[in-house]
Amino acid sequence: MASRSMISSATTGTAITGSGVWHPAHVLTNAELCDAFNEFIRREIARTGRTDLKESTPEFIEKASGIKARYVEDKSGLLDPERMCPNIPDRPEEQLSVQAEYAVNAAKIALAQAGRTGEDVDLVVLGASNLQRLYPALAIEVQDAIGARGYGFDISLGCSAATGAAIMASQALRVGQATCALVVVPELTTGHMNWRERDSHFIFGDASVALVIERTERAHPGSWEILSTQMLSKWSNNIRNNQGYLTRCDPTTEHDVDKLFHQRGRSVFKDVVPMAAKFISDHVAAYGLQPSQVSRYWLHQANQSMNELIAKRVLGREATREEAPLILDEYGNTASAGSLIAFAKHQEDLATNAYGVMASFGAGYSLGSLLLRRT
Ligand code: COA
């Protein structure tokens, strides 16, 4: 066991002073999802005569992923076997865009928890695996909607967009570029999925999460001091979405399914488990902590077995559900929002001076972690 004196006293001098989670109202269960998918498959077989198409089952989904249901922006399009895509009406440019609205909904909850208002905020960092447009930055629209000052920007980093955004915000505070940062993670993921593909139609759900980050001298007791942060990336084609502004420029490929989320799920599993376990272990060790001295691991929420294996490798034994909480049974994979939602929903019970690690891993590959201590 490491002695107390070996633990680092380093800190970023910043703290998470508020968090908030919001999700759309509609729940989509595995059974409902499979009913629509299987009807689509039967119609495809009748239409094309293909013999390679197979139906999906709720049992497989829960066993392979741990996901029981997810929240979705729209059910009507997803449950229509002729459509298999959410119906999300385009909005006029004068109206708040749907992804900015997701961000604002979570931001209001996080600001209230921090005891701050929109006017207190002077930096908005928006991170999401999918951004609904290229410009103007969604963060600037959120900044305007909540009446914030200062500046805002979006970051894109697959499932590490949220931890990346939190780390960018902490760094900006540290160098004195801002005093009260709002991190918003509007993950409207159902728009990027291929609902006609059996291997992945069950993975994602929609949700939004926000954090308020301030310098520690402004933080109230019970806030989470950010002691240190870590980021890593390593190129991989195993999780990819090729949708972009050049999509329309090649009429022979513009409607191909590679313009939606696709992955080699088995390879991701095999690559990411050891990579994430080492990444987290190294972060904890660099601070002079034993893994068991960390009370909670808020991990990215893609797959239950993946999380259990990563936590087991870090701790050298099975983790309890308290040590590594899961939210994916209820929410599905909410892309980069997962580890932040796990944090927001499972941190209240921890005592002063408890350590926690928030960690993400996903497309890129990209990884990010924040070592936290409760004040
Ligand atoms: N319903 C029923 N059976 C299904 C099915 C479905 N929806 N999808 C696949 N199957 C079958 C396959 O045909 C295969 O059958 P076979 O063994 O007879 O060939 C079997 O189930 C296993 O399929 P596989 O795709 O290898 O499943 P898996 O155990 O690897 O689980 C994932 C799939 C996606 C849940 C898993 O690979 C995973 O979570 N990977 C991590 C990556 C991730 O989630 N990334 C998200 C982005 S961060």
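Before any of the text, the structure's been laid out above.
Residues numbered from 1 in each chain as written. Predicted model: local features only at pLDDT ≥ 70, side-chain atom pairs only at ≥ 80, totals over all residues. Heavy atoms only, no water.

Draft legend 1. Quick look at the packing of helix α3 (residues 98-114) against helix α4 (residues 138-146). Between α3 and α4, the least distance of the axes is 9 Å, while the angle of their chain directions is 50 degrees. The angle between the axes of α3 and α4 places the two elements in the oblique class. In the packing of α3 onto α4, the handedness of the crossing is right-handed. Mapping the contact onto sequence places Q99, A100, A103, V104 and L111 in α3 and L138, E141, V142, A145 and I146 in α4. In the contact of α3 with α4, the residues fall into 8 nonpolar, 1 polar and 1 charged. (Axes fitted to C-alpha atoms, helices over the stretch in contact; angles between N-to-C directions. Helix = DSSP H or I, 4+ residues; strand = E, 2+ residues; numbered from the N terminus. Parallel < 35°, antiparallel > 145°, perpendicular 65-115°, else oblique. Left-handed = near helix turned anticlockwise from the far one by under 90°. Contact = heavy atoms within 4.5 Å. Nonpolar A, V, L, I, M, F, W, Y, C, P; charged D, E, K, R; others polar.)

Draft legend 2. The site of the ligand, seen in detail. Taken together, the neighbourhood of the ligand is formed by 17 residues, with S56, F60, Q263, R266 and N303 sitting nearest. Within the backbone of T57, a nitrogen or oxygen atom sits 3.3 Å from a nitrogen atom of the ligand. Side-chain polar atom of R266 to an oxygen atom of the ligand: 2.8 Å apart, as the coordinates give it. Coverage of the ligand by the protein chains reaches 73% of its 960 Å² of free accessible surface. Those elements that place two or more of their residues in the shell around the ligand are α2 (58-65) and α6 (265-286). Among the elements that take part in the shell around the ligand, α6 stands out by supplying 4 residues, more than any other. Of the residues that constitute the shell around the ligand, the class distribution is 7 nonpolar, 7 polar and 3 charged. (Near = heavy atom within 4 Å. Polar contact = N/O pair within 3.5 Å; in protein donor to acceptor, adjacent residues only side chain to side chain. Areas by Shrake-Rupley, 256 points an atom, 1.4 Å probe, with all protein chains shown as cover.)

Draft legend 3. Molecular detail of the packing of aromatic side chains. Per the stated rule, a full pass over the model turns up 9 aromatic pairs. Ring geometry for W22 and Y102: centres 4.8 Å apart, planes at 75 degrees, overall edge-to-face. Of this pair, W22 sits in strand β1 (residues 14-22) while Y102 is found in helix α3, placing the two residues 80 residues apart along the sequence. Relative accessible area serves as the criterion here: at 24%, W22 is assigned to the partly exposed category. Relative accessible area serves as the criterion here: at 1%, Y102 is assigned to the buried category. Between the aromatic rings of W298 and F343, the centroid separation amounts to 4.9 Å while the plane-to-plane angle is 85 degrees, which identifies the pairing as edge-to-face. (Phe/Tyr/Trp six-rings, centres within 6.5 Å; stacked < 30°, edge-to-face > 60°. Buried < 20%, exposed > 50% of the residue type's maximum accessible area, 1.4 Å probe, protein only.)

Draft legend 4. Fine view of the side chain of D206. Counting through the fold element by element, D206 comes out in the loop between β6 (180-187) and β7 (207-215). Comment: no salt bridge for buried D206; closest opposite-charge side chain is R70, at 9.4 Å. A distance of 2.8 Å separates a polar side-chain atom of D206 from the backbone nitrogen of T189. Every residue in contact with D206, bar those within four places of it in the chain, is listed here: H23, P24, Y71, V72, E73, Y102, E187, L188, T189 and T190. (Lys, Arg positive; Asp, Glu negative; His and termini not counted. Salt bridge = Lys/Arg side-chain N within 4 Å of Asp/Glu carboxyl O.)

Draft legend 5. Focus on the side chain of E141. Looking at the element boundaries, E141 is found in helix α4. Separated by 2.6 Å, the side chains of E141 and S97 make a polar contact.

Draft legend 6. Examining the sheet that holds strand β4 (residues 123-127) more closely. Read from one edge to the other, the open sheet built from 9 strands follows the order β5-β4-β6-β7-β1-β8-β13-β12-β11, with strand pairing classed as mixed. Looking at the sheet topology across the chains shown, the edges are occupied by β5 (151-155) and β11 (294-299). For this sheet the average axis-to-axis angle between neighbouring strands, irrespective of direction, equals 25 degrees. Pairing of β4 with β5 involves 5 bridges; the strand directions are parallel. Bridge pairing in β5 links V125 to F153. (Pairing = 2+ DSSP bridges.)

Draft legend 7. Spotlight on the nonpolar core. Formed by 50 residues in total, the largest nonpolar core has its most connected members in I280, L289, Y297, L299, I310, V357 and F361. Looking at this core, the elements that each hand over two or more residues are α1 (30-48), α6, β11, α7 (304-315), β12 (355-362) and β13 (366-374). Element by element, the count of residues in this core is highest for α6, at 9 residues. If near-sequence neighbours (up to four positions away) are discounted, Y297 is found in contact with I280, V284, P291, V314, L315, E323, A324, P325 and V357. If you look at the next biggest cluster of nonpolar residues, it comprises 37 residues, including I167, A169, V183 and L372. (Core = buried A, V, L, I, M, F, W, Y, C linked by side-chain atoms within 4.5 Å.)

Draft legend 8. Molecular detail of the packing of α1 against α2. Direction vectors running N to C along α1 and α2 enclose 125 degrees, while the axes themselves pass 9 Å from each other. Between α1 and α2, the angle is such that the two are oblique. For the element pair α1 and α2, the recorded crossing hand is right-handed. Across the interface between the two elements, N30, A31, L33 and C34 of α1 pack against P58, I61 and E62 of α2. Here the residues of the contact of α1 with α2 sort into 5 nonpolar, 1 polar and 1 charged.

Draft legend 9. Representation of the environment of S281. Along the chain, S281 falls in helix α6. Residues S281 and Q263, spaced 18 residues apart in sequence, show a C-alpha to C-alpha distance of 26 Å. For S281, the side chain forms a polar contact with the main-chain oxygen of A277, separated by 2.7 Å.

Shape is all these values report; function is a separate question.
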